[in-house]
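# Coordinate analysis (summary)
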Amino acid sequence: MVGHPILYRVLSDPWLYRWVVAMVLPFLIWAVLAKLSHSRPDILPTIYPALKVIAWGIWVSFVVWDLYGLSGRLEWKTFYGTNAILGGLMGGTNLIHSWVRRRVDPDSVRKYEGWWPTPKDLPEAKPGKNL
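Reference entry: report on the structure contained in this document.

Conventions used here
Residues numbered from 1 in each chain as written. Predicted model: local features only at pLDDT ≥ 70, side-chain atom pairs only at ≥ 80, totals over all residues. Heavy atoms only, no water. 1 Å grid on protein atoms, 1.4 Å probe; cavity = no way out; pocket = protein on both sides within 12 Å on 5 of 7 lines; lining within 4 Å. Points joined across faces, edges and corners; volume = space filled by probe spheres on them. Helix = DSSP H or I, 4+ residues; strand = E, 2+ residues; numbered from the N terminus. Nonpolar A, V, L, I, M, F, W, Y, C, P; charged D, E, K, R; others polar. Axes fitted to C-alpha atoms, helices over the stretch in contact; angles between N-to-C directions. Parallel < 35°, antiparallel > 145°, perpendicular 65-115°, else oblique. Left-handed = near helix turned anticlockwise from the far one by under 90°.

## Observations regarding the layout of surface pockets
Taken as a whole, the largest pocket holds about 300 Å³ of empty space. Forming the boundary of the largest pocket are Arg9, Val10, Asp13, Trp15, Leu16, Trp19, Trp76, Lys77, Tyr80, Gly81 and Ala84. Among the secondary structure elements, those contributing two or more residues to the lining of the largest pocket are α1 (5-11), α2 (14-39) and α4 (76-104). Looking at side-chain class alone, the lining of the largest pocket contains 7 nonpolar, 1 polar and 3 charged residues. As a volume, the second largest pocket reaches approximately 180 Å³. Residue lining of the second largest pocket: Leu25, Pro26, Ile29, Leu33, Ile47, Ala50, Leu51, Ile54, Leu89, Thr93 and Ile96, and that is the complete set. Looking at the lining of the second largest pocket, the elements with two or more residues in it are α2, α3 (43-69) and α4.

Laid out in structure tokens, this is it:
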């Protein structure tokens, strides 16, 4: 590893391991929730409100951190490292939140049919009429 200084620098940096933990942790929590939901189906409606608050809280902290980073008071390594960690947590938590939401309240998920500006009941919205 001494012959590869770039590899040594990347593997000795603690930000890499923090980022890996931030990327893997939501998927581990998701696996535990999926396993628990098979044996106890009542756990998903119980955890849904807290998960919604956590997902929104991570999103708000991500936005606040980005706005604070625009001030230029941070060094680039700290800003981008924390930004990558918050981004990984936000993405994984949103995946868990949408998975739980589809199982708790399937009607809350919107299904879009047709093109957006055209209402569904107009003759132009029917695909057979346009061809």
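Picking up where we left off.
## Some thoughts on the packing of α3 against α4
Taken N-terminus to C-terminus, the directions of α3 and α4 make an angle of 155°; their axes are 9 Å apart at the nearest point. By the angle between their axes, α3 is roughly antiparallel relative to α4. Our pair here, α3 against α4, has a crossing hand that is left-handed. Looking at the contact of α3 with α4, its residues break down into 18 nonpolar, 9 polar and 4 charged.

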